[in-house]
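Each chain is listed here by its residues.
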Amino acid sequence: MTGASATLSAFFLAEGEQTADAVMGRLTAFLRGAQESLDFAIYDMRFSDALKSQLTAALRERAAAGVRIRICYDGDKPLAPDLAAGQDPAPPGTGALVQSLGFPWRRIAGMKLMHHKFIVRDAASVWTGSLNMTDDAFTLMENNVVQIDSPLLAASYAEDFEELWEKKNFENTGDIKTAALALVFSGAPASVRVMFSPGTGLAIDEEIAKRVRQARRRVRICSLLINSGTLIAALGDVLREGRVKVDGIYDRTQMTDVYRQWQEVPQNRWKIPALRDVINRAGLVGKNSTPYSLTGRHDYMHNKILVIDDTVITGSYNFSRSAQFNAENILFIESPALAEKYSAYIDHLIHKYGGAPGQVPLN
């Protein structure tokens, strides 16, 4: 397969609109396509017994066929995480589940988060996006998954995986030189570029802001968080200029916690009125999710999406300063057809949580 024949597909999740079995079915179908290798880099994997049994069956089937399986995961965080230090409040349990599967694994250390959610299959295909491997992520959260068949793109993910696997620490990883690669989506030419943090974290932040400022028609955001100062400033500039339409959706409840954190750090306080101005000017819709607790309902608007003109930006990378220092991956996909597909999804979520009459179909 050459870069020109590479293909892409995407699917979307919304609270209460798909079953856990349906999502696991997509995942196991991807896994069962493996002939040689499956490499996982995952932040959170905690499944009920029913879902775990489906995953285990697919992996054991592939292992019996000679497929090599390796799993990197983020070291379990403390029960009382230090939010100011960027420790996400993910419940413990990932390590126990991963180790119970019986395949080679590495616990990836680091001061921040090994926040990836990607799988490399046969050094030729990639599963990535915002979706964690949990029941709640499959059923209660808004997420998106991108599958790309491209050996050239997969090579970059494989390079990042090998760095994690060898170092057992994500710090000083991800400084991988990448370029836009040709692919096909919906029968039309497109391109994709991946970038990784922490190695190119600052460059990712700058690239996102640059693309927002260069927008010609639209900037649409669909994100759990909006707390990168660089992005907030760029959105404010575009809104004041009034050249392009800015709209979208975010997680209002989770951002309320961020406001509290900003208030405690003098150099971050400017972000509070700046972001509120962006939200008001753009009319961003906020999902009211459940405040975080260890055993509570985890129903976040968990996407990390920007649609800028005909470009889709998505991946595991939250639009935050912390993401620059985490292990993350982010895709820049140039495709008018894909941008319209993501835009329709954003419309659906705006109607779902904004109280507008009618519902835009998800698919």
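For the structure itself, consult the block above.
Residues numbered from 1 in each chain as written. Predicted model: local features only at pLDDT ≥ 70, side-chain atom pairs only at ≥ 80, totals over all residues. Heavy atoms only, no water.

A.B. asks: Quick question: what am I supposed to make of the packing of helix α1 (residues 20-32) against helix α2 (residues 49-64) here?
C.D. replies: Geometrically, a packed helix pair is captured by the angle between its two axes and the distance between the axes. Taken N-terminus to C-terminus, the directions of α1 and α2 make an angle of 10°; their axes are 10 Å apart at the nearest point. One finds that α1 runs roughly parallel with respect to α2. Facing α1, whose interface residues are Ala20, Asp21, Met24, Leu27, Thr28, Leu31 and Arg32, α2 presents Leu51, Gln54, Leu55, Ala57, Ala58, Leu59, Glu61 and Arg62. (Axes fitted to C-alpha atoms, helices over the stretch in contact; angles between N-to-C directions. Helix = DSSP H or I, 4+ residues; strand = E, 2+ residues; numbered from the N terminus. Parallel < 35°, antiparallel > 145°, perpendicular 65-115°, else oblique. Contact = heavy atoms within 4.5 Å.)

A.B. asks: Would you explain unusual backbone geometry in this entry?
C.D. replies: Among all residues except glycine, the phi angle is most often negative; among peptide bonds, the trans geometry is most common. Between Ser197 and the following residue, Pro198, the backbone shows a cis peptide bond with an omega angle of 10°. Residue position: Pro198 is located in the loop between β11 (188-197) and α6 (201-213).

A.B. asks: Could you clarify how one ought to interpret the packing of helix α8 (residues 252-263) against helix α9 (residues 271-282) in this entry?
C.D. replies: At a closest axis distance of 10 Å, the pairing of α8 and α9 adopts a crossing angle of 150°. Relative to α9, the element α8 lies roughly antiparallel. In this structure, α8 uses Met255, Tyr259, Trp262 and Gln263 to contact α9, whose residues at the interface are Lys271, Ile272, Leu275, Arg276 and Ile279. Looking at side-chain class alone, the contact of α8 with α9 contains six nonpolar, one polar and two charged residues. (Nonpolar A, V, L, I, M, F, W, Y, C, P; charged D, E, K, R; others polar.)

A.B. asks: Would you mind showing me how to read the side chain of Arg220 here?
C.D. replies: Within the element layout of this structure, Arg220 appears in strand β12 (residues 218-223). Given the relative accessible area of 6%, Arg220 is considered buried. A polar atom in the side chain of Arg220 sits 2.7 Å from the side chain of Asp347. In this structure, Arg220 is in contact with Asp247, Ile305, Leu306, Val307, Ser343, Ile346, Asp347 and Ile350, ignoring residues within four places of it in sequence. (Buried < 20%, exposed > 50% of the residue type's maximum accessible area, 1.4 Å probe, protein only. Polar contact = N/O pair within 3.5 Å; in protein donor to acceptor, adjacent residues only side chain to side chain.)

A.B. asks: What is the right way to look at helix α3 (residues 94-101) in this model?
C.D. replies: Side chains three or four residues apart in an α-helix point the same way, a direct result of the helix having 3.6 residues per turn. Buried residues of α3: Thr94, Gly95, Leu97, Val98 and Leu101, and no others. The buried residues of α3 occupy an angular sector of 165° when projected down its axis, which confines them to one face. Buried positions along α3 lie against β2 (37-42), β3 (45-46), α2, β4 (68-74) and β5 (105-108). Looking one or two residues beyond α3, the residue adopting positive phi is Gly102, at roughly 90°. (Arc of directions from axis to C-beta.)

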